Amino acid sequence: MDISFSAVLSQIMLGLNNGAFYALLSLGLAVIFGMLNVVNFAHGAFYMLGAFAALLGLDYLPRLLGSDVGIGFWSALLLGPLLVGLLGVLIEKTMLQRLYKVDHLYGLLLTFGLALIFEGVLTNYFNVAGEPYSGKPAMLEGAVNLGFMVFPAYRLFSIVFSLLVCFAVWYLAERTRLGSYLRAGTENPDVARAFGIDVPMLRSLTYFLGVALAGLAGVVAAPIYSVSPKMGSDLIIVVFAVVVIGGMGSIMGAIVTGLALGLLEGAVKVFYPPLANTVIFIVMALVLLWRPAGLFGKER
Amino acid sequence: METLASPSASRLEKRVNHPFVSYLPWLVAAVVCLAAPFLIYPVFVMELLCFALFAAAFNLLLGFGGLLSFGHACFFGGAAYLCGHALKVWGLTPELGIVLATLGAGVLGVLIGMVAIRRQGIYFAMVTLALAQIVFFSCLQLPQTGGEDGLQGIPRGMLFGFIDLSAEVMVAGSKIPLAMYLFVLTLCFGGYWLIWRTVHSPFGVVLKAIRENEPRAISLGYRVDAYKLTAFVLSAMLSGLAGATKALVVGLASLTDVSWHMSGEVVLMTLLGGMGTLLGPVVGAVTVVSLHHELSALGSWVTVTIGVIFVVCVMAFRRGIVGEIAYRMKRSF
């Protein structure tokens, strides 16, 4: 096989980039699942909404208001997750909240329906093929020489930024007081309530956090991938597989698995491209045969 | 905790004991199905029949086994591709093509089932969804499947080598593909009858016991995994039968048939009609497929409508149409 070393390296870096998004998304899924016992099928849709928030803020909002300055990338990085998170809280308060007492599968079905609604509405107004996001900040244009290879600056930023956010969430959940409340609520909601922790409030907050992470991933992804109504739905299934492989037990597990599988996918893209779309699912099948609870999971 | 499927349907059946009464629904169904092609476009009726069988096969797993598979499209669509290929390229007769495709779906069911039943509940749904994606991407990338275009122009061929399934006959003033219609009707009724028998067999009872309380079923000595796998494979094969028949009816096997949207659709049919009821999936399938035809001019608003129905069903209507009727009759009688 005649593949140049630099081509392999660049594919692997692109894989790491995807892996960072997998990590961000599976992290949100894992946090929501742990606290709410809901598999958030709408996670991909929230990711897509985050990207659209950035796109609309930059291109459409100024046209609507007649001004010539839109919401730039850095503001979108803050506003996008916030808006998506608030939408999530609205959904949690009005719908999801009523489903905690029935079979957990209903949470999956509800969020599946919501994902279809978001995707369908946006498909009516936007091109399925996707629209480019032109708000990439000037300081992240061009490429950086990493010593062993030259890599696009924005992609490097997105990897580093996603990892920082991942570790911030890990720190929040494992090392702070709020995180200990969160873990207590996950472990045993009734006892946590008896100790005076506002569990319903904590659940809303968790859903806000998880969904905002998806929105944040969407904003960061907007300058890289074209912004399309379908961008979330294909990704979410891969992220489900990532979550099954890692097991939903630990936050660090979700981060590590996401990164590793992104790298693996990048490597497969170089050596055997036809398998690139399915390699993660195949790994999932193998992991299930070997360790049904997932690599970092506990059987519950 | 509210369980996934309401047991109301089985309670309802206990009052039915006279042999004639128990055959009455079958007679009504037969009459309706024989009259339908004169009133509605026959190909549409045949498509309805296929989707009704698909939903009923799915419900065998969800409603009676308590297992939510989010990847059933891979059996439906996979069999459609296999049947199409067997008829178009290998030149098999339609009945052989359908048998082959059904067996193929069964093999796929064994492979996927063996991996998926290692996890329960929500994980089961995610695992089946992910595994079905392997089948989807295979259908997209294999040279035999026609990529984005799918397999087009699948011939109906000669049943048993001498009955022309594409022939149309004038019956009572309307042109009807009579042989094809009767063939499809036989297959779908046969499949549905098999589901009905399975649910009322000792096997079906054990399956329901596992759904209600798995640890207890284990403690009673049942090999739970074997039962689950059998139900999974049976459901996969019947879904395959439905998919292969559908490919024969419309002459097309496409990526839509294997995509996760189709998996979601069959979940909706079952949820809307009523999980764990025998008639529910049929009602749900007819409703959803008709909705698709009625709203097809609206483009992606169909997706929105489907999503809204999902949300409404989950929030306010968890028993489904048939489940709700059964529940109310029980209460008012």
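Preceding this section is the structure that the text describes.
This text gives an overview of the structure that appears in the document. (Residues numbered from 1 in each chain as written. Chains lettered and ligands numbered in written order. Predicted model: local features only at pLDDT ≥ 70, side-chain atom pairs only at ≥ 80, totals over all residues. Heavy atoms only, no water.)

Examining the overall build of chain B
Right, on to step 1. Helix and strand counts for chain B stand at 15 helices and 6 strands.
Right, on to step 2. Its C-alpha atoms give chain B a radius of gyration of 19 Å, within 12% of the compact-globule value 20 Å for 333 residues.
Right, on to step 3. When its C-alpha atoms are laid out on the principal axes, chain B stretches across 50 × 45 × 40 Å.
Right, on to step 4. Across the 333 residues of chain B, 54% fall into the buried class.
Right, on to step 5. Looking at chain B as shown, the accessible area adds up to about 14,000 Å², and 68% of this sits on carbon and sulfur atoms.
Right, on to step 6. With 20 positive and 15 negative side-chain charges, chain B shows a separation of 13 Å between the mean positions of the two kinds. (Helix = DSSP H or I, 4+ residues; strand = E, 2+ residues; numbered from the N terminus. Rg over C-alpha atoms; globule rule 2.2 N^0.38 Å. Buried < 20%, exposed > 50% of the residue type's maximum accessible area, 1.4 Å probe, protein only. Areas by Shrake-Rupley, 256 points an atom, 1.4 Å probe, with all protein chains shown as cover. Lys, Arg positive; Asp, Glu negative; His and termini not counted. Charge placed at Lys NZ, Arg CZ, Asp CG, Glu CD.)

Brief notes about the overall build of chain A
Right, on to step 1. If you tally the helices and strands in chain A, you get 11 helices and 2 strands.
Right, on to step 2. Order of helices (α) and strands (β) in chain A, N terminus to C terminus: α-α-α-α-β-β-α-α-α-α-α-α-α.
Right, on to step 3. Expressed along its principal axes, the backbone C-alpha trace of chain A runs to roughly 60 × 55 × 35 Å.
Right, on to step 4. Burial analysis of chain A (300 residues in total) assigns 56% to the buried set.
Right, on to step 5. Within chain A, counting contacts between residues at least 6 apart in sequence, those at least 24 apart form 78% of the total. (Contact = heavy atoms within 4.5 Å.)

Looking at the pattern of salt bridges
Should their charged atoms come close, side chains of opposite charge can pair.
Residues and elements named next belong to chain A.
Right, on to step 1. A full pass over the atoms with the stated rule returns 6 salt bridges over all chains.
Right, on to step 2. A salt bridge links Glu119 to Lys230, with the nearest nitrogen and oxygen atoms 3.2 Å apart. With Glu119 in helix H4 (residues 105-125) and Lys230 in the loop between helix H8 (199-221) and helix H9 (231-246), this residue pair connects regions lying 111 residues apart in the sequence.
Right, on to step 3. Residue Glu119 is classed as buried on the basis of its relative accessible area of 5%. (Salt bridge = Lys/Arg side-chain N within 4 Å of Asp/Glu carboxyl O.)

As for the interface of chain A and chain B
Right, on to step 1. With 49 residues of chain A in contact, the opposing surface of chain B contributes 40 residues.
Right, on to step 2. Here chain A meets chain B over a buried area of about 4,200 Å², counting both sides, of which 78% is carbon and sulfur.
Right, on to step 3. When the buried surface of chain A facing chain B is broken down by residue, Leu105(A), Tyr106(A) and Leu109(A) rank first, second and third, together holding 16% of it.
Right, on to step 4. Scanning the region where chain A abuts chain B turns up 0 salt bridges.
Right, on to step 5. Our enumeration of links across chain A and chain B arrives at 6 residue pairs in polar contact (both at pLDDT 80 or more).
Right, on to step 6. With 16 residues, H4(A) is the largest single contributor of residues to the side of chain A that touches chain B.
Right, on to step 7. The residue makeup of the side of chain A that touches chain B, split by class, is 32 nonpolar, 11 polar and 6 charged. (Buried area = accessible area lost by both parts, 1.4 Å probe. Polar contact = N/O pair within 3.5 Å; in protein donor to acceptor, adjacent residues only side chain to side chain. Nonpolar A, V, L, I, M, F, W, Y, C, P; charged D, E, K, R; others polar.)

Describing the packing of helix H12 (residues 260-273) of chain B against helix H13 (residues 280-295) of chain B
Residues and elements named next belong to chain B.
Right, on to step 1. At their nearest, the axes of H12 and H13 sit 7 Å apart, and the two run at 120° to each other. Taken together, the axes of H12 and H13 lie oblique to each other. When you trace H12 past H13, the crossing you get is right-handed. Here Glu265, Leu268, Met269, Leu272 and Gly273 of H12 lie close against H13, whose contacting residues are Gly280, Pro281, Gly284, Ala285, Thr287, Val288, Val289 and His292.
Right, on to step 2. Grouping the constituent residues of the contact of H12 with H13 by class yields 7 nonpolar, 5 polar and 1 charged. (Axes fitted to C-alpha atoms, helices over the stretch in contact; angles between N-to-C directions. Parallel < 35°, antiparallel > 145°, perpendicular 65-115°, else oblique. Left-handed = near helix turned anticlockwise from the far one by under 90°.)

A look at unusual backbone geometry
Right, on to step 1. Positioned with a positive phi, Asn37(A) is a non-glycine residue whose angle comes to about 55°.
Right, on to step 2. Residue classification places Asn37(A) among the partly exposed residues on the basis of a relative accessible area of 23%.

Quick look at the packing of aromatic side chains
Right, on to step 1. Per the counting criterion, the structure on display carries 30 aromatic pairs over all chains.
Right, on to step 2. Residues Phe41(A) and Trp260(B) carry aromatic rings whose centres are separated by 6.2 Å and whose planes lie at 35° to one another, so their mutual orientation is tilted. In this pair, Phe41(A) sits in the loop between helix H1 (5-36) and helix H2 (43-65) while Trp260(B) sits in helix H12, so the two residues belong to two different chains.
Right, on to step 3. Judged by relative accessible area, Phe41(A) falls into the buried class, the value being 3%.
Right, on to step 4. The interplanar angle of 70° and the centroid separation of 6.2 Å between the aromatic rings of Phe73(A) and Phe157(A) together place this pair among those described as edge-to-face. Residue Phe73(A) is found in helix H3 (residues 73-94), and its partner Phe157(A) is found in helix H5 (residues 153-175); the two are separated by 84 residues along the sequence. (Phe/Tyr/Trp six-rings, centres within 6.5 Å; stacked < 30°, edge-to-face > 60°.)

Re the nonpolar core
Right, on to step 1. By size, the foremost hydrophobic cluster in this structure holds 211 residues, and its most contacted members are Phe46(A), Leu109(A), Leu68(B) and Phe70(B).
Right, on to step 2. The biggest single contributor to this core is helix H3 (residues 42-62) of chain B, with 18 residues.
Right, on to step 3. Beyond its immediate sequence surroundings of up to four residues, Leu109(A) is in contact with Leu68(B), Phe70(B), Val267(B), Leu271(B), Met275(B), Phe310(B) and Val314(B). (Core = buried A, V, L, I, M, F, W, Y, C linked by side-chain atoms within 4.5 Å.)

Here we look at a nonpolar patch on the surface
Residue and element names in this part refer to chain A.
Right, on to step 1. A cluster of nonpolar side chains, Phe271, Tyr272, Leu275, Ile282, Leu286 and Leu289, forms an exposed patch at the surface whose accessible area comes to about 550 Å².
Right, on to step 2. Per element, the largest residue contribution to the nonpolar patch is 3 residues, and it comes from helix H11 (residues 279-290).
Right, on to step 3. Mapped onto the elements, Phe271 comes out in helix H10 (residues 251-271).
Right, on to step 4. Residue class for Phe271 comes out partly exposed when judged on its relative accessible area of 43%. (Patch = residues over 30% accessible without salt bridge, like charges linked within 9 Å, V, L, I, M, F, W, Y side chains within 5 Å.)

Thoughts on the side chain of Glu47(B)
All names here are of chain B.
Right, on to step 1. In this fold, Glu47 is placed in helix H3.
Right, on to step 2. Despite its burial, Glu47 pairs with no opposite charge, the nearest such side chain being Lys246 at 5.6 Å.
Right, on to step 3. Setting aside residues no more than four positions away along its own chain, Glu47 makes contact with Lys246, Val249, Val250 and His293.

Regarding the state of the cysteines
Put plainly, a disulfide is one covalent bond tying together the sulfur atoms of two cysteines.
All names here are of chain B.
Right, on to step 1. One pass over the structure, following the stated rule, counts 0 disulfides over all chains.
Right, on to step 2. With no disulfide of its own, Cys50 lies closest to Cys188 among cysteine sulfurs, the gap being 4.5 Å.
Right, on to step 3. When its relative accessible area of 0% is taken as the criterion, Cys50 is described as buried.
Right, on to step 4. With no disulfide of its own, Cys74 has Cys139 as its nearest cysteine by sulfur position, at a separation of 8.9 Å. (Disulfide = S-S within 2.5 Å.)

A short note on the packing of helix H8 (residues 202-212) of chain B against helix H10 (residues 224-250) of chain B
Residue and element names in this part refer to chain B.
Right, on to step 1. Two numbers describe how H8 lies on H10: the axes approach to 10 Å, and their chain directions differ by 115°. Overall, the two elements H8 and H10 adopt an arrangement that is roughly perpendicular. Read as a crossing pair, H8 and H10 show a hand that is left-handed. Contact residues: H8 offers Phe203, Val206, Leu207 and Ile210, while H10 offers Val224, Tyr227, Lys228, Thr230 and Ala231.

Description of the environment of Ala132(B)
All names here are of chain B.
Right, on to step 1. Structurally, Ala132 can be placed in helix H6 (residues 121-141).
Right, on to step 2. Residue classification places Ala132 among the buried residues on the basis of a relative accessible area of 5%.
Right, on to step 3. Put simply, Ala132 and Tyr23 are 109 residues apart on the chain and 38 Å apart in space, counted from C-alpha to C-alpha.
Right, on to step 4. What Ala132 contacts, discounting residues up to four positions off in sequence, is Gly71 and Cys74.

Nothing here speaks to function; it is geometry throughout.
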